[in-house]
Amino acid sequence: MERRLYLVTVLAVIIGIALSCALYGLFYRLETTNIKREFERDVESKAAALTQAVELNIEAIYSLKAAYDNHGLLDYPDFSQLAAQTLSRHAHIQALEWIPKVEAEGLPALEKQFGARWPGFHVTERVASGEMVPVSERSLYYPVIYVEPLQGNERALGFDVGSNGRRLDALNRARDSGKLQFSERIELVQTTDDHAGLLMLLPVYHIVSPQSVADRRQTLRGFVMGVFRLTAILQSTMQPQDASLMAFRLLDVNADPHNQLLYQQGSLTTEEQLAQKDFNVTRPVLTLGGREWFIEATPSASYVADKRTRLPLVVFIVGTVLFGLVIFYGFILMRRNREMVSTLAKKNQALDDINKKLERMTKMDVLVGIANRRYFDETLHREFSRSRREDRPLALMLIDIDHFKAFNDTYGHQAGDRCLKLVAEELGRVLKRPADMLARVGGEEFGIILPNTNNGEVVAKQCRSVVERLAIAHQGSLTSDVVTVSVGVVSLESLDAQTRDSVFNLADSALYQAKSAGRNQVRAIRVGRPQSASVSSLC
Ligand SMILES: Nc1nc2c(ncn2[C@@H]2O[C@H](COP(=O)(O)OP(=O)(O)OP(=O)(O)O)[C@@H](O)[C@H]2O)c(=O)[nH]1
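Everything numeric here is computed off the predicted structure, so don't read it as measured data.

Caption draft 1: Up close: the site of the ligand. What surrounds the ligand is a group of 17 residues, the closest being Phe-404, Asn-408, Arg-440, Lys-515 and Arg-519. Between an oxygen atom of the ligand and a side-chain N or O atom of Asp-400, the distance comes to 3.0 Å. About the coverage of the ligand: the protein hides 68% of its 650 Å² of free accessible area. Where the shell around the ligand is concerned, the elements lending two or more residues are β15 (394-401), α12 (404-411) and α13 (413-430). Sorting elements by how many residues they give to the shell around the ligand places α13 first, with four residues. Split by residue class, the shell around the ligand holds four nonpolar, five polar and eight charged.

Caption draft 2: Region of interest: the UniProt feature "transmembrane region" (unreviewed entry) in the chain. Per the UniProt entry, the sites bearing "transmembrane region" (unreviewed entry) are residues 6-27 and 313-334 in this numbering. Along residues 6-27, the helical share is 100% and the strand share 0%, with 31 Å between the first and last C-alpha atoms. Here residues 313-334 runs as 100% helix and 0% strand, with 31 Å between its end C-alpha atoms.

Caption draft 3: Structural detail: the environment of Gln-264. Relative to the helices and strands, Gln-264 resides in strand β12 (residues 261-265). Among all residues touching Gln-264, those that are not within four sequence positions of it are Phe-248 and Arg-249.

Caption draft 4: Inspection of the pairing of strand β14 (residues 291-299) at higher detail. In this structure, strand β11 (residues 246-252) lies alongside β14, joined through seven bridges in antiparallel fashion. Bridging across to β14, Met-246 finds its partner in Pro-299. When strand β13 (residues 281-288) meets β14, the two strands line up antiparallel, connected through seven bridges. Within the sheet, the bridge partner assigned to Thr-282 lies in β14 and is Glu-296.

Caption draft 5: Spatial organisation of the pattern of salt bridges. By the definition in use, this model includes 26 salt bridges. Here Glu-38 and Lys-307 are joined by a salt bridge, their closest N and O atoms 3.2 Å apart. Highlighted residues: Glu-38 in helix α1 (residues 2-71) and Lys-307 in helix α9 (residues 301-307), separated in sequence by 269 residues. Under the relative-accessibility criterion, Glu-38 is labelled partly exposed at 29%. Looking at Lys-307, the relative accessible area reads 26%, which means it is partly exposed. Where Asp-365 meets Arg-440, a salt bridge forms, and the shortest distance between an N and an O atom there is 3.2 Å.

Caption draft 6: Structural detail: α12. Burial in α12 covers these residues: Phe-404, Phe-407 and Asn-408. Seen end-on, α12 carries its buried residues on one side only, within an arc spanning 95 degrees. The exposed residues of α12 that point more than 90 degrees off its buried face are Lys-405 and Asp-409. In this fold, the buried residues of α12 make contact with β15 and α13.

Caption draft 7: Looking closely at the side chain of Arg-175. Note that Arg-175 resides in helix α4 (residues 165-177). A distance of 3.3 Å separates the side chain of Arg-175 from the side chain of Asn-172, its partner in a polar contact. Residues in contact with Arg-175, not counting those within four places in the same chain, are Tyr-142, Pro-203, Tyr-205, Arg-216, Arg-217, Leu-220 and Phe-223.

Caption draft 8: Geometry of a nonpolar patch on the surface. A contiguous nonpolar surface patch, about 780 Å² in accessible area, is contributed by Tyr-24, Tyr-28, Leu-313, Val-314, Ile-317, Val-318, Val-321, Leu-322 and Leu-325. Tallying contributions element by element places helix α10 (residues 311-363) first for the nonpolar patch, with seven residues. Relative to the helices and strands, Leu-322 resides in helix α10.

Caption draft 9: Inspection of the packing of α1 against helix α2 (residues 76-89) at higher detail. For the pair α1 and α2, interaxial distance at closest approach is 9 Å and the crossing angle is 155 degrees. The angle between α1 and α2 places the two elements in the roughly antiparallel class. The element α1 and its partner α2 pack so that their crossing is right-handed. Between α1, through Glu-59, Ala-60, Ser-63, Leu-64, Ala-67 and Tyr-68, and α2, the contact on the second element is made entirely by Phe-79, Leu-82, Ala-83, Thr-86 and Arg-89. Its residues assigned to classes, the contact of α1 with α2 comprises seven nonpolar, two polar and two charged.

Caption draft 10: Structural view of the nonpolar core. Counting residues in hydrophobic clusters, the biggest one holds 82 residues, and the most contacted among them are Val-161, Leu-250 and Trp-293. Ranked by residue count, the leading element in this core is α1, at 13 residues. Contacts of Trp-293, omitting those with residues within four sequence positions, involve Val-54, Phe-182, Leu-198, Leu-230, Leu-250, Leu-251, Asp-252, Leu-262, Arg-283, Pro-284, Val-285 and Leu-286. Counting residues in each nonpolar core, the second largest holds 32 residues, with Ala-395, Ala-415, Cys-419 and Leu-427 among its members.

Caption draft 11: Focus on the packing of aromatic side chains. This model, assessed by the stated rule, comprises 17 aromatic pairs. Geometrically, the ring pair formed by Phe-39 and Tyr-303 is edge-to-face, given 5.2 Å between the ring centres and 75 degrees between the ring planes. Of this pair, Phe-39 sits in helix α1 while Tyr-303 is found in helix α9, placing the two residues 264 residues apart along the sequence. Given the relative accessible area of 0%, Phe-39 is considered buried. Between the aromatic rings of Phe-404 and Phe-407, the centroid separation amounts to 5.7 Å while the plane-to-plane angle is 5 degrees, which identifies the pairing as stacked. A residue pair is termed a helical-turn pair when its members lie 3 or 4 positions apart in one helix, as Phe-404 and Phe-407 do in helix α12 at three residues.

Caption draft 12: Spatial organisation of the sheet that holds β11. Strand order in the open sheet formed by four strands is β12-β11-β14-β13, with antiparallel pairing between adjacent strands. Each of the sheet's edge strands pairs with one partner strand only, and the pair in question is β12 and β13. Each strand axis lies, on average, 15 degrees off the axis of its neighbour in the sheet, ignoring direction. Taken strand by strand, α1 contacts β11, β13 and β14, and its axis lies near 15 degrees from that of β13.

Cut-off values and rules
Residues numbered from 1 in each chain as written. Predicted model: local features only at pLDDT ≥ 70, side-chain atom pairs only at ≥ 80, totals over all residues. Heavy atoms only, no water. Near = heavy atom within 4 Å. Polar contact = N/O pair within 3.5 Å; in protein donor to acceptor, adjacent residues only side chain to side chain. Areas by Shrake-Rupley, 256 points an atom, 1.4 Å probe, with all protein chains shown as cover. Helix = DSSP H or I, 4+ residues; strand = E, 2+ residues; numbered from the N terminus. Nonpolar A, V, L, I, M, F, W, Y, C, P; charged D, E, K, R; others polar. UniProt positions renumbered as here; feature names shortened; annotations may be inferred. Contact = heavy atoms within 4.5 Å. Pairing = 2+ DSSP bridges. Salt bridge = Lys/Arg side-chain N within 4 Å of Asp/Glu carboxyl O. Buried < 20%, exposed > 50% of the residue type's maximum accessible area, 1.4 Å probe, protein only. Arc of directions from axis to C-beta. Patch = residues over 30% accessible without salt bridge, like charges linked within 9 Å, V, L, I, M, F, W, Y side chains within 5 Å. Axes fitted to C-alpha atoms, helices over the stretch in contact; angles between N-to-C directions. Parallel < 35°, antiparallel > 145°, perpendicular 65-115°, else oblique. Left-handed = near helix turned anticlockwise from the far one by under 90°. Core = buried A, V, L, I, M, F, W, Y, C linked by side-chain atoms within 4.5 Å. Phe/Tyr/Trp six-rings, centres within 6.5 Å; stacked < 30°, edge-to-face > 60°.

And the structure:
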């Protein structure tokens, strides 16, 4: 019981801790979801800022394009003035340029014309070493002939934009679509260091809004081009604390797979990336100018750590304490209950003992300490039924103390009581089998039931003689000078055709015969199987 109580308690403690852990996990996951949502909002606002910054810069080349559409070709001073005005509103543009379409045969004249303005002017291309060299021969050229501001962009002047695959791709798309086009990420010719840039191109035609691609190709005059420094634009949208809060990459998914990365801020170790992978966010930034840009962001460990609260831990501790209290209270209740059950069991045992004692008392003769008449009758009834059911023999004996009235008269009533006890004790010693039963059935009369016995007269004779051998003086007796008993016994081979009363009457009748024969006698009746009843006197 004790062990079971402790087992139940230990089990409850384990379940309690498991539930607290589950609650901790639940609240931790809820918090993780909230942090992820917050991070998504941060990334979305960054993407929106980026989109806005790019769209603002687009306005610059549209104003230049409008001038070309309205006034036809601009000369250098007009271009320079208009571009300077525009650049004053757009700090992140590296340069605004005019790129005419030049047929091969027009190239020498162009070089001559602009060589007069800028001594040493040549149409150039960039070789792998980064050096600018005169262009190789081809049918079409797209040289930069106006660049504003010139200072810092000198290397771009004369550069054949069509000499480079990525740039040419953007030129062709702009020419054929008639719309704004962005280039992939390119390395700007203006600088020798590796500064990433981006070209925005708007085509200018000889006619207004040519409808077909063929018309556009045929009527192309040139391009208005804006050169942007990616880093400058992107950094303009950053907050100083951004670098410590997240790592992100801006990707151009339409670009060559090796050239998709436009910008990268911060970087995480492999362990950090793994730890933070649940928080990774990918969002579109803009779809414009033939490009699709996406932002991929991962929060730093400190971003996540700053947003974590102690709530899951508090829930775990409170849960554990509450479960602990409940379990403790349950343990106390169970122990109290166990004590009550044990006390109750003891009380029941005591009651049982009392009941048994009372039952024994109702079956006992208080004076002589053997079974009383009531119990004798019950037993006789039971043994009679059993013997008959099992077809076994049964013997019944009645014993009467001779001249007991005279004993009382001579020695007094108390001496009579002592005599009764002594006789009862002695008779009890004669019985050897557990099933044999001695009872006081009357004042000075005893009865003995002998189950499974067909020669009760043997026991009867012993009874008579043990009482005589007690040698209790009995001066009032007309039979002997000591206390004697008369014994009647009936031994039945079979109980067929008998009743309990008939058996008792046979024993009583034998006793009467013993008395009639002068007392201190045994008279026995033997009843065989039906039709063979016989009576025999033994002494
Ligand atoms: N001391 C004492 N005497 C009892 C008790 N019960 C019955 N007696 C006495 O037993 C006597 C029985 O008397 P009787 O029925 O005349 O029988 P008897 O004197 O033994 O005569 P027989 O049986 O014919 O030999 C009565 O005097 C009862 O008072 C008892 O519990 N204690």
